[in-house]
Amino acid sequence: MRLSEMREGQSGRIVSVGGDMRLRRRILEMGLTRDSKFYIEKYAPLRDPLELTTRGMHVSLRVKEAMAITVEPLEADHG
């Protein structure tokens, strides 16, 4: 499943980060690395960007960027 397919309020774990080298590096530098747990806080009114929390940080991503991240949904635990 892609991060962009997840709904507000869902939790998950990052399985892999794809995309071109520049996008991949940017995502990894934001702390979104393999096995990181996250919680989808909210989507903007037009559904782009999305805001998630991971490792105690709030991160905003465009939906296009979130499409490059493969995730595994988890039980809601505010990972």
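A.B. asks: Would you explain the environment of Arg24 in this entry?
C.D. replies: Turning to its location among the elements, Arg24 is positioned in helix 1 (residues 21-29). Considered as a pair, Arg24 and Ile69 are 45 residues apart in the sequence and their alpha carbons are 9.0 Å apart. Sequence-distant contacts of Arg24, defined by excluding residues within four places in its chain, comprise Val17, Gly18 and Gly19.

A.B. asks: I tried to follow the side chain of Ser4 on my own but got confused; where do I start?
C.D. replies: Mapped onto the fold, Ser4 is located in the segment before strand 1 (11-17). Setting aside its immediate chain neighbours within four residues, Ser4 contacts Tyr43, Arg47, Val63, Ala66 and Met67.

A.B. asks: Any chance you could explain the pattern of salt bridges here in plain terms?
C.D. replies: Pairing is possible between side chains that carry opposite charge, provided their charged atoms lie close to one another. Scanning all chains against the criterion turns up five salt bridges. For Arg13, the salt bridge identified is with Asp35, shortest N-O distance 2.5 Å. Here Asp35 lies in the loop between helix 1 and strand 2 (37-43) and Arg13 lies in strand 1, a separation of 22 residues in the sequence. Residues Glu65 and Arg26 are paired through a salt bridge, measuring 2.5 Å at the closest nitrogen-oxygen approach. Taken together, the residues span a long stretch of sequence, with Glu65 in helix 2 (residues 63-66) and Arg26 in helix 1 at a distance of 39 residues. Note on Glu65: relative accessible area 8%, which makes it buried. When salt bridges that share partners are traced, they join Arg13, Asp35 and Glu72 into one network.

Reading the values: the criteria
Residues numbered from 1 in each chain as written. Predicted model: local features only at pLDDT ≥ 70, side-chain atom pairs only at ≥ 80, totals over all residues. Heavy atoms only, no water. Helix = DSSP H or I, 4+ residues; strand = E, 2+ residues; numbered from the N terminus. Contact = heavy atoms within 4.5 Å. Salt bridge = Lys/Arg side-chain N within 4 Å of Asp/Glu carboxyl O. Buried < 20%, exposed > 50% of the residue type's maximum accessible area, 1.4 Å probe, protein only.

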